[in-house]
Amino acid sequence: MPKTHKLLTGLNDQQKKAVTYDEGPLLVLAGAGSGKTKVLTERVAYFIAEKKLRAENALLLTFTNKAAGEMKERVTKLTGFAPPFSGTFHSFCAKLLRIDGRAIGIPPGFLIYDEADQKDLVKQILAELNLPPDSYSPGAILHDISEAKNQMLSPAQYAELIQGDWGEAVFKVYGFYEKHLKEIGALDFDDLLIKTVILLNIPQILKKWQRVLTHIFVDEWQDTNKIQYTLTKLLVGDRKNITAVGDASQSIYSWRGADFRNINYLVRDFPNIKIINLEQNYRSTQNILNAANFVISKNTTHPILKLWTQKGEGPKIKLYAARNGFDEASFVVDKTSRLNSYKNYAFADIAVLYRTNAQSRVLEEALLHAGIPYVLVGGVRFYDRKEIKDVISYIRHLINPKDSVSKKRIEKIGIRRFEKLEEFRKDKRFGFGDADC
Ligand SMILES: Nc1ncnc2c1ncn2[C@@H]1O[C@H](COP(=O)(O)OP(=O)(O)O)[C@@H](O)[C@H]1O
Ligand SMILES: [Mg+2]
């Protein structure tokens, strides 16, 4: 018991209620910074500490590797047990498919194609089909392929729905794309989710995983898409041990099919679900919350929570209407220099947010010109960097010489780099027995 008490201290009343609620499905709705993730992790920890749940029977799902890592670390720290099933939807699906995928013809050592691999493959197919990438953008084609996949349409089924040259091209590319993935034993991100749903439609396999994963906890529920919803519902089954936390006002993945209506569906599908609202905010001052509320309250599609804080009003928000991007950048630089010179803020204490990647160039140039050091967060992702992709392609090609996308890439990496990789391989006598995602 003392462990439990320690877990609950410092939580506000609503948070405590959410952490300890023990009678079935639970939905925690709250705005940003109100402790949703904290409640979810403390709830897992509380159930483990109270011996209502063993760490290995908990499934913790979220959307980024970073968030997943933090949740796992916190639960481990609080209870001394690391939940083995804690990760993103995609990593969880990859794990399940590596264990049981054979049942639907997926080899355990399958490769995973990320966005950049998919694009490379589509470009290769377009070239083979003599379709110019200027008229047939690989990104747009992939978008349509992804939609078809998410509606569970095979290339043949898709063919019955297409119209015009564009549809014809997507259909052709889709067919070759699927053939290629199958030949080399690879799955793309959509496949990870879709194949897992197909796998869980086998009753014995579903039963097995329902027995293992008795309690399911999902962070950022508003960002789930249809297939993630289906997957979660299958696993939850009749026991209804689901805890979902979310905020309909901050769905950030609508372009990926996220559907905040999944919050409403959850209430529809689990009519006795308990809903707890968290309205106290721990991150921002009242002025910021009021401004956010004012904007969000124009929304009519979902309930609006009124956020409040004990932090006090704080300084007023200032609005500067810039004439154009350059004016905006010079305002940011000027403000940043002043905060640094006169108010003693370190540059590392200042964040500049922008809406689209295209805006970063003007800002970056202005900062460079003024000699202000900066770090671009989330610019070129690690796995998209050329040198990283080269090494990965090299390793993939060693594992699977039929992987033509990797082969094409290695042909372009240059002799010196290739020789270095060969040297490294010989030196280390690389083995690939347990290649993982
Ligand atoms: N009861 C509380 N007392 C003090 N700090 C809290 C409390 N609840 C949440 N916080 C802090 O508020 C911040 C936001 O919490 P978090 O769980 O990340 O919110 P959300 O997931 O809703 O955005 C974190 O720094 C967290 O530690
Ligand atoms: Mg959170």
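What counts as what
The residue numbers shown here count from 1 along each chain, following its written sequence. Naming scheme: in the order in which they are written, chains are lettered from A and ligands are numbered from 1. For this predicted model, a pLDDT threshold of at least 70 governs which residues receive local features, and a threshold of 80 or more governs which side-chain atom pairs are given and counted, while totals over whole chains, interfaces and linings are taken from all residues. Note that water and hydrogens are dropped before the side-chain values are worked out from all heavy atoms of the structure. UniProt positions are given in the numbering used here, feature names are shortened, and annotations may be inferred rather than shown by experiment. Strands here are runs of E lasting at least two residues and helices are runs of H or I lasting at least four, both read from the DSSP assignment and numbered beginning at the N terminus. Remark: exposure states derive from per-residue accessible area (1.4 Å probe, protein chains only) relative to the maximum for the residue type, with buried under 20%, exposed over 50%, and partly exposed in between. A helix is expected to span 1.5 Å multiplied by its residue count minus one. Residue contacts are counted whenever heavy atoms from the two residues lie within 4.5 Å of one another. If DSSP finds at least two bridges between two strands, the strands pair. Only the stretch in contact is used when fitting a helix axis, every axis being a line fitted to C-alpha atoms; angles between N-to-C directions are given from 0 to 180 degrees. It suffices for a single heavy atom of a residue to lie within 4 Å of a molecule or strand for the residue to be listed as near it. Two N or O atoms form a polar contact when they lie within 3.5 Å of each other; inside protein one atom must be a possible hydrogen donor and the other a possible acceptor, and for residues adjacent in sequence the pair counts only when both atoms belong to side chains. Residue burial considers only the protein chains on display, and all accessible areas are found by Shrake-Rupley using a 1.4 Å probe.

- As annotated in an unreviewed UniProt entry, the chain is DNA 3'-5' helicase from Candidatus Woesebacteria bacterium GW2011_GWF2_46_8.
- Checking UniProt for the chain, the heading Sequence similarities (unreviewed entry) contains the comment "Belongs to the helicase family. UvrD subfamily."

## As for the UniProt feature "binding site: ATP" (unreviewed entry) in the chain
Working step 1: In the UniProt entry, the feature "binding site: ATP" (unreviewed entry) is given for A30, G31, A32, G33, S34, G35, K36 and T37.
Working step 2: Among the secondary structure elements, G31 is positioned in the loop between β1 (26–30) and α3 (36–49).
Working step 3: A32 sits in the partly exposed class, given a relative accessible area of 33%.

## Details of unusual backbone geometry
Working step 1: Although it is not a glycine, E220 sits at a positive phi angle of roughly 50°.
Working step 2: Inspection of the secondary structure puts E220 in the loop between β6 (215–218) and α12 (226–236).
Working step 3: Unlike most non-glycine residues, N344 shows phi in positive territory, near 65°.

## Topic: helix α17 (residues 386–399)
Working step 1: For α17, with 14 residues, the first-to-last C-alpha span of 20 Å sits near the 20 Å given by 1.5 Å per residue.
Working step 2: Inspection of α17 places I388, K389, D390, S393, Y394 and R396 among the buried residues, and these make up the whole buried set.
Working step 3: Its buried side turned inward, α17 meets β4 (111–113), α6 (115–128), α18 (404–411) and α19 (415–428).

## A word on the sheet that holds strand β3 (residues 85–88)
Working step 1: The 6 strands are arranged β3-β2-β6-β7-β1-β8 in an open sheet whose pairing can be described as parallel. For this open sheet the edge positions go to β3 and β8 (274–278), each flanked by a neighbour on one side alone. Across the sheet, the axes of successive neighbouring strands diverge by a mean angle of 15°, strand direction being ignored.
Working step 2: Strand direction decides the pairing type here: β1 and β8, joined by 5 bridges, are parallel. Residue pairing across strands places L26 opposite K274, the latter belonging to β8.

## Here we look at the site of ligand 1
Working step 1: The environment of ligand 1 is formed by 14 residues, the closest being G10, Q15, G33, K36 and K38.
Working step 2: In this structure, an oxygen atom belonging to ligand 1 sits 2.9 Å away from a side-chain N or O atom of T37.
Working step 3: Between ligand 1 and K38 there is a distance of 2.9 Å, counted from an oxygen atom to a backbone nitrogen or oxygen.
Working step 4: Protein coverage of the free-state accessible area of ligand 1, which is 570 Å², stands at 70%.

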